[in-house]
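# An overview of the molecular structure
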Amino acid sequence: MKKPIAGFSKLSKSEKIEWIATNYTQNPKQSKKILESYWNTDPRLQQLHDEFIENTISNFYMPMGIAPNFLINDRLYAIPMAIEESSVVAAASKAAKFWGDKGGFKTTILGTEKVGQVHFIFKGDKSKLEEFFRSIKPKLLTDTEHLTNSMVKRGGGIKDIVLRDKTMELESYFQLHCTFETQDAMGANFINSCLEQFAATLKKEALNHSNFTGEERQIEVVMSILSNYVPNCLVRAEVSCPIDQLQLSNDILPREFAEKMIRAVQIAKVEPYRAVTHNKGIMNGIDAVVLATGNDFRAIEAGAHAYAAKNGNYSSLTHAKIEGDIFTFWIEIPLALGTVGGLTKLHPMVKLNLEILQNPSAKELMEIMAVAGLAQNFAAVSSLVTTGIQKGHMKMHLMNILNQHAATDEEKTSLIEHFKTHMVTHRGVLNALENLRK
Ligand code: NDP
């Protein structure tokens with residue numbers, strides 16, 4: 001029977017390891033060895049990682065690959081991608097190469113506005129609340145000056161504060177709906193600090209507001225927090241070319257391919273079961289760059305999927321059209337990113353990846369990531385409407401199966417050659433490995 005532990009966080013790292021290995025693993029000695037084998041050999045670097053989170057016992061590795069040859073707004077990029085799923089980096093690289101000699105990817109920043117809200121309960125006369133809000137709005141701004149001064153100098157800060165009546169949805173519920181520009185920071189800490197100050201000012205000023213009586217003075221702040229729904233922090237990336245240049249393989253004519261791509265996107269627009277997987281494929285590309293650049297993938301995922309459902313039904317984040325004889329494929333996606341703050345200047349690998357990306361601003365990183373998502377989607381959908389994805393996917397997955405069964409380098413070379421002309425299935429690889437070992 002397992003027992004809860006008190007004071008786990010106070011234990012030393014080796015005590016934590018001892019406890020988890022002894023109480024939750026079958027072979028504590030072996031478990032400790034695995035955990036320690038993932039420590040960095042440089043103790044200072046390990047300490048840095050230990051201090052990113054709480055109760056750290058080891059590091060969790062993820063492969064990092066490079067997708068080269070991305071021509072974005074006439075500038076060439078090699079994109080670092082951290083992801084565990086095989087075939088994602090290959091697909092991105094393939095799409096980059098395909099579009100590289102067709103003018104590459106073009107992007108536009110459609111907005112960079114971030115959002116935060118103070119959620120509060122007000123029991124009283126709504127028109128008095130509106131008058132109160134108008135009277136304290138300048139004070140809300142001056143009370144946060146100590147927080148916003150340096151952001152304002154960079155060209156950012158608080159854009160606006162609006163009082164929203166949400167009482168139709170929930171009794172006595174109002175919000176301060178606030179918008180921000182946070183320049184090269186994702187802005188979570190900046191926004192949350194401003195919001196908590198707004199909340200304090202709101203409560204304090206209500207207590208002394210001459211027009212309020214009784215309960216009206218007791219504004220109940222429920223919470224103050226940024227929103228990861230950022231529909232106005234938006235980037236568009238697109239590729240386009242004359243249809244006759246869409247010669248992906250000899251098996252399909254360019255026009256037929258273009259029309260199938262359009263159909264596939266139309267299906268993802270109207271069918272949520274398909275849309276979720278379609279967008280998951282987009283996020284394969286985006287999340288890999290989000291992770292490689294130390295950004296917050298939970299925030300990006302939440303915001304992207306919410307945007308996909310902005311019209312009330314979950315739909316595709318990419319779009320496609322044929323106009324005249326031009327095929328255009330594009331994405332519009334909200335991405336609240338930072339190239340400063342969070343881990344970006346702390347994690348050595350993140351710093352290196354940002355350098356590989358030519359030290360982008362947050363806006364440039366939005367553009368790069370939108371392109372990674374679009375490229376990924378183009379590669380996935382073009383496979384789906386032609387050969388299907390399993391052929392390419394299983395080929396890439398071959399190495400995982402071989403490693404799972406401890407294939408030697410010699411066995412790998414031989415079987416990679418064999419599966420160039422044979423279909424990869426899990427059973428098929430096992431059979432071939434067994435035959436080889438006979
Ligand atoms: P930080 O607070 O680490 O850094 C941002 C600060 O850096 C800015 O406020 C600014 O402070 C300073 N800065 C320096 N140079 C610039 C520049 N060029 N542009 C903008 N700011 C600059 O990070 P964030 O506020 O961006 O927060 C990101 C972190 O918050 C992530 O790790 C995320 O996981 C986490 N988080 C996310 C939440 C969510 O998504 N719901 C909730 C809570 C946390 P100054 O003006 O004072 O110099």
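Residues numbered from 1 in each chain as written. Predicted model: local features only at pLDDT ≥ 70, side-chain atom pairs only at ≥ 80, totals over all residues. Heavy atoms only, no water.

### Some points on the state of the cysteines
Put simply, the rule is: In what follows, a disulfide is any cysteine sulfur pair within 2.5 Å.
Summed over the entire model, instances satisfying the criterion amount to zero disulfides. With no disulfide partner, Cys178 has as its closest neighbouring cysteine sulfur the one in Cys194, 8.7 Å distant.

### Details of the packing of aromatic side chains
Test applied: Only rings of Phe, Tyr and Trp enter the pairing, Trp through its six-membered ring, and a pair is recorded when the two centres are within 6.5 Å. The plane angle decides the type: under 30 degrees is stacked, over 60 is edge-to-face, the rest tilted. Counting from the N terminus, the helices are the DSSP runs of H or I reaching at least four residues and the strands are the DSSP runs of E reaching at least two. Think of it in three bands: residues with accessible area under 20% of the maximum for their type are buried, residues over 50% are exposed, and the middle band is partly exposed, with areas taken using a 1.4 Å probe on protein chains only. For a ring to carry a charge above it, either NZ of a lysine or CZ of an arginine must fall within 6 Å of the ring centroid while also lying within 35 degrees of the normal to the ring plane.
As enumerated under the stated definition, the model contains 15 aromatic pairs in all. When the ring of Trp19 is compared with that of Tyr24, the centres are 5.5 Å apart and the planes differ by 55°; the resulting orientation is tilted. Aromatic pair Phe70 and Phe105: ring centres 5.6 Å apart, planes at 40°, arrangement tilted. Within this pair, whereas Phe70 is found in strand 1 (residues 64–72), its partner Phe105 is found in the loop between helix 4 (88–100) and strand 3 (106–109), the two being separated by 35 residues in sequence. Looking at Phe105, the relative accessible area reads 1%, which means it is buried. When the ring centre of Phe297 is taken as reference, the NZ or CZ atom of Arg298 above it lies at 4.7 Å. Directly above the aromatic system of Trp330 lies the positively charged group of Lys321, at a separation of 5.5 Å from the ring centroid.

### A word on the side chain of Glu205
Applied cut-off: Under the convention used here, Asp and Glu are negative, Lys and Arg are positive, and both His and the chain ends fall outside the count. For this analysis, a salt bridge means a side-chain nitrogen from Lys or Arg found within 4 Å of a carboxyl oxygen belonging to Asp or Glu.
Mapped onto the elements, Glu205 comes out in helix 7 (residues 188–208). Although buried, Glu205 forms no salt bridge, and the nearest oppositely charged side chain, Lys204, lies 4.3 Å from it.

### Re the site of the ligand
Convention followed: Whether a residue is near a molecule or strand depends on its heavy atoms: it is near if one of them lies within 4 Å of it. Contacts described as polar in this section are N or O atom pairs within 3.5 Å, which, within protein, must combine one atom able to donate a hydrogen with one able to accept it, while residues neighboring in sequence count only if both atoms come from side chains. Here the accessible surface of atoms and residues is derived via Shrake-Rupley with a 1.4 Å probe, and residues count as covered only by protein chains that are part of the display.
In the region of the ligand, 20 residues are neighbours, and Ser150, Arg154, Gly187, Asp296 and Gly342 sit closest. With respect to the ligand, the backbone of Gly187 contributes an N or O atom lying 2.6 Å from an oxygen atom. The separation between an oxygen atom of the ligand and a polar main-chain atom of Asn189 is 2.8 Å. Protein burial of the ligand: of its 930 Å² of free accessible surface, 66% is covered by the chains. No other element matches the four residues that helix 7 contributes to the shell around the ligand.

### Quick notes on the sheet that holds strand 7 (residues 220–227)
Inclusion rule: In this description, strands pair whenever DSSP reports at least two bridges between them. Every axis corresponds to a line fitted to the C-alpha atoms, with the helix fit spanning only the stretch in contact, and the corresponding angles, defined between N-to-C directions, vary from 0 to 180 degrees. In this analysis, two residues are considered to be in contact whenever any of their non-hydrogen atoms come within 4.5 Å of each other.
An order of 5-6-4-7 is seen for the four strands of this open sheet, with the pairing classed as antiparallel. Each edge of the sheet is formed by a strand with only one pairing partner; in this case those strands are strand 5 (157–165) and strand 7. Going across the sheet, the axis of each strand differs from the next one's by a mean of 15°, ignoring polarity. The sheet contact formed by strand 4 (residues 114–121) and strand 6 (residues 173–181) spans eight bridges and is antiparallel. Each residue of the ladder has a partner; that of Val115, found in strand 6, is Thr179. Set on the sheet, helix 7 makes contact with strand 4, strand 5, strand 6 and strand 7; between it and strand 7 the angle comes to about 160°.

### As for the pattern of salt bridges
Pairs can form between side chains of opposite charge once their charged atoms are near each other. Taken as a whole and assessed by the stated rule, the structure comprises 20 salt bridges. A salt bridge links Lys13 to Asp50, with the shortest nitrogen-to-oxygen separation between them at 2.9 Å. Of the two residues, Lys13 sits in helix 1 (residues 13–24) while Asp50 sits in helix 3 (residues 43–50), which places them 37 residues apart along the sequence. The partly exposed category is assigned to Lys13, whose relative accessible area is 21%. Judged by its relative accessible area of 19%, Asp50 falls in the buried class. Among the salt bridges present, the one from Asp165 reaches Lys126, with a minimum N-O distance of 3.0 Å. Of this pair, Asp165 sits in strand 5 while Lys126 sits in helix 5 (residues 126–143), and the two are 39 residues apart along the sequence. Here Lys126 falls in the partly exposed class, since its relative accessible area comes to 36%. Taken together, the shared-partner salt bridges in this structure form one network comprising Glu113, Lys159 and Glu181.

### With respect to the pairing of strand 1
With seven bridges connecting them, strand 1 and strand 2 (residues 75–82) associate as antiparallel partners. From the neighbouring strand, Ile72 faces strand 2, where its bridge partner is Arg75.

Bear in mind that shape data such as this cannot, by itself, settle questions of function.
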